[in-house]
Amino acid sequence: MKTRMSFLALVVLLTTVSPPAAKGQNESSATGPIARPWWKNAVIYEIYPRSFMDSNGDGIGDLNGITSKLDYLQALGIDAIWITPCFPSPQVDFGYDVSDYVNIDPMYGTLEDFDRLAAEAKKRNIRLILDFVVNHTSDQHPWFIDSRSSRTAVHRDWYIWRDGKGPDEPPNNWQSTFGLSAWSLDLPTKQYYYHYFYPQQPDLNWRNPAVEKAMFDVTRFWYRRGTAGFRLDAVDSLYEDPNLTDDPVLPGKDKFGRPNMEDKYNKKLPEVHQALQRLRAVADEYDAVLIGETWTSNVAQLEEYYGTNGNELQLPMDLMLTNLRLSASEFRDHVKAVDGAKGWPTYVITNHDIRRSYSRYGDGVHDDDIAKMVAGFYLTLRGSAVMYYGEEIGMENHDPITKQEVKDPIGILGWPAEKGRDGERTPMQWNSSVNAGFTTGKPWLPVPASAKTRNVETESKNPNSLLRFYKEVLRLRKTEAALREGTYVPLNETDPNVVSYLRQSKDGTILVVANFSGQAQSPHFDLTKQGFPGAKVTALAKNAAPVADGPLEEVRLEAYGVYIGRVGE
Ligand code: NOJ
Ligand code: CA
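Once that is clear, we can look at the overall build of the protein chain. Summing up its helical and strand segments, the protein chain has 14 helices and 21 strands in all. Relative to the compact-globule value of 25 Å for 569 residues, the protein chain shows a C-alpha radius of gyration of 25 Å, a close match. The principal-axis extents of the C-alpha atoms in the protein chain amount to approximately 85 × 50 × 50 Å. Taken across its 569 residues, the protein chain has 59% of its residues classed as buried. Look at the contacts in the protein chain between residues 6 or more apart in sequence, and 70% of them connect residues 24 or more apart. Of the roughly 21700 Å² of accessible surface on the protein chain, a fraction of 52% belongs to carbon and sulfur atoms. Of the side chains in the protein chain, 63 bear a positive and 75 a negative charge, and the two mean positions are spaced by 3 Å.

Put into structure tokens, the structure is as follows:
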């Protein structure tokens, strides 16, 4: 038994108290819960379509593959799927270089396949979120092909063109986040165009109203086809300083060997927020949700993305969470700040650009316990959650060993300091057959040897598996009102090892205790102040063998144990 709990004595009255009022969300009233938008509390499951399920044996996942796995997703208990870009694309950045915003790339299927996916998802009450690459197109998009054709082309001003400062000198010192300069000289018209990412991803000129209108119409096209909302790619790079002021140079070098820079004049300009407000107005016409790829350095910046009066993004992702070390105090302090911020929290533990959480947090000894603890933690916070495919089975990062294997261009350019993102994008592991049941062909990225045991089929049969734990916690999010509507009440805030909190609503109270340390811990509880002198708890989910439920005084957890219990019965 890896984790053990015990409840020491006590007898006390159970006093009924009113929970603190829900924070600024106005979610309940004297007559019961007020209808809330579906995305509150939703668990949004990110699918990298190349890697989820291949239906036709070409080694690349596709929409029909996703449709074939909807029953699995429904049983898992998620509420929505976010599919990273599946639109026609030269695939330089694996879909984040879109050459047609209103179609499906043939490698992923057809618009009819999309419609079938949408219809089948709807039958299972799973919402569909698409990825909107707002900042840039592919250089093969007809808009850019026209734009680069002449200085007077109709679409010339749809992108950002400038003369160089001098011969062989770009317009300023801005750098692409993917290495090299952010400016490429285009010979036909002898001007430079701007690209924050690869040269094949020219930035759109959002100062041109025609661009904005065309992009807004793209969202309407997909809303009408049953899309419940968008994840917005790279929102903070939408606008650049029109005067092209040089960015400040900082000490040190980056992974590509260039000077470090502060992206002061080409990121997070105030105009971003005005554009998001207009995009939100369009979303509101369709009752759609906007989820932001919002990289921020602090909670105040994250708050800005909700907009004044909540008129920007409903769900700006808290990506800061992915930068935290596995430390009780770091997680506690961060969650307290996000929970106390003005908008609805959206917690993210990993994605297709970040090392998988299983590898990031694993210590090689307690990997599954850590993964269960992290799941029990982020899925019981007040807010929505974004999870990445394979997280529920503990997929590891499977990094390339040699530069020759690398598919992600930043891994080729930055090798070996930057290995690229292939490791976190390997095929979903469905069963223990060859290629983990992902494809009958040659998978576009290799499957790790660990897939033999770490896969959906094997873990489904094992009651102690990570997958079964995920299902249990996801089920609780649906059955426990306190996990939907309760406030977040931190407990034992000076404990250096264990994060504990209540989710407290008028319909119930849930206690969560998560041991962030590699040693057994026995935190004590006194919930008198929270209205529960001498509370009893009943275990709902735990990384532990069954123990008697009873009065709560102490919860005993082995290394990285986690406990979720109902208080007061
Ligand atoms: C963020 C996406 O998540 C990433 O995969 C992509 O390379 C860049 N934006 C550029 O679109
Ligand atoms: Ca395929």
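The rest of the description comes next.
Our next topic: the coordination of the calcium ion (ligand 2). Six octahedral donors at a metal ideally form angles of 90 or 180 degrees, and four tetrahedral donors ideally form angles of 109.5 degrees. Within the protein, the atoms that donate to the calcium ion (ligand 2) are Asp54 (OD), Asn56 (OD1), Asp58 (OD), Ile60 (O) and Asp62 (OD), at distances of 2.2 to 2.4 Å. Written as a sequence motif, the donor arrangement for the calcium ion (ligand 2) is D-x1-N-x1-D-x1-I-x1-D. For Ile60, a relative accessible area of 15% gives the class buried.

Close contacts around ligand 1 come from Asp93, Tyr96, His136, Phe178, Phe197, Arg231, Asp233, Glu293, His352, Asp353, Arg421 and Arg425, and that covers them all. Measuring from an oxygen atom of ligand 1, one finds a side-chain N or O atom of Asp233 at 2.7 Å. In this structure, Asp353 approaches ligand 1 through a side-chain N or O atom, which is 2.5 Å from an oxygen atom. Placement of ligand 1 is best described as lying within the largest pocket.

The next subject is the domain arrangement of the protein chain. Domain parsing of the protein chain yields domain 1 (28-137 + 209-236 + 272-474), domain 2 (142-194) and domain 3 (482-568). For domain 1 versus domain 3, the separation of C-alpha centres amounts to 29 Å. Residue-level contacts link 29 residues of domain 1 with 30 residues of domain 3. Looking at the side of domain 1 facing domain 3, the largest losses of area belong to Arg332, Met373 and Thr380, adding up to 28% of the total buried there. If you look at where domain 1 meets domain 3, you find 1 salt bridge. Residue Lys336 pairs with Glu493 through a salt bridge whose shortest N-O separation is 2.9 Å. The tally of links between domain 1 and domain 3 comes to 11 residue pairs in polar contact (both at pLDDT 80 or more). Breaking the side of domain 1 that touches domain 3 down by element, the ones donating at least two residues are strand 1 (28-29), strand 2 (32-33), helix 8 (328-339), helix 10 (367-378) and helix 13 (466-479). For the side of domain 1 that touches domain 3, a count of residues per class yields 12 nonpolar, 8 polar and 9 charged.

This part is about the sheet that holds strand 15 (residues 384-388). Read from one edge of the open sheet, 8 strands run 13-12-9-5-4-3-15-14, paired in parallel fashion. Edge positions in the sheet fall to strand 13 (315-316) and strand 14 (346-348), since each has one partner strand and no second. Here 5 bridges tie strand 5 (residues 127-133) to strand 9 (residues 229-233), and the two strands are oriented parallel to one another. Opposite Asp131, over in strand 9, you have Arg231 as the bridge partner.

Where empty space is left in the structure can be found by rolling a water-sized probe over the atoms. Under the criterion given, the structure shown has 1 cavity of 30 Å³ or more. In terms of lining residues, the largest cavity is bounded by 16 residues, among which Ser357, Tyr358, Ala371, Val374 and Glu391 are the most central. Mapped by element, the contributors of at least two residues to the lining of the largest cavity are helix 9 (357-361) and helix 10.

Attention now goes to the pairing of strand 10 (residues 249-253). Within strand 10, only 0 of the 5 residues are buried, which leaves the element largely exposed. Pairing of strand 10 with strand 11 (residues 259-261) involves 2 bridges; the strand directions are antiparallel. Directly across from Val249, in strand 11, lies its bridge partner Met261. Hairpin geometry of strand 10 and strand 11 is characterised by an intervening segment of 5 residues between the two adjacent antiparallel strands and by a positive phi of about 80 degrees at Gly257.

Mapped onto the secondary structure, His334 falls in helix 8. His334 has contacts with Asp318, Met320, Leu321 and Leu324, leaving out every residue within four places of it along the chain.

Thresholds applied
- Residues numbered from 1 in each chain as written.
- Chains lettered and ligands numbered in written order.
- Predicted model: local features only at pLDDT ≥ 70, side-chain atom pairs only at ≥ 80, totals over all residues.
- Heavy atoms only, no water.
- Helix = DSSP H or I, 4+ residues; strand = E, 2+ residues; numbered from the N terminus.
- Rg over C-alpha atoms; globule rule 2.2 N^0.38 Å.
- Buried < 20%, exposed > 50% of the residue type's maximum accessible area, 1.4 Å probe, protein only.
- Contact = heavy atoms within 4.5 Å.
- Areas by Shrake-Rupley, 256 points an atom, 1.4 Å probe, with all protein chains shown as cover.
- Lys, Arg positive; Asp, Glu negative; His and termini not counted.
- Charge placed at Lys NZ, Arg CZ, Asp CG, Glu CD.
- Donors = N, O, S within 2.8 Å, 3.2 Å for Na, K, Ca; no water.
- Near = heavy atom within 4 Å.
- Polar contact = N/O pair within 3.5 Å; in protein donor to acceptor, adjacent residues only side chain to side chain.
- 1 Å grid on protein atoms, 1.4 Å probe; cavity = no way out; pocket = protein on both sides within 12 Å on 5 of 7 lines; lining within 4 Å.
- Sits in = over half its atoms within 2 Å of the grid points.
- Domains from an automatic or database assignment.
- Buried area = accessible area lost by both parts, 1.4 Å probe.
- Salt bridge = Lys/Arg side-chain N within 4 Å of Asp/Glu carboxyl O.
- Nonpolar A, V, L, I, M, F, W, Y, C, P; charged D, E, K, R; others polar.
- Pairing = 2+ DSSP bridges.
- Points joined across faces, edges and corners; volume = space filled by probe spheres on them.

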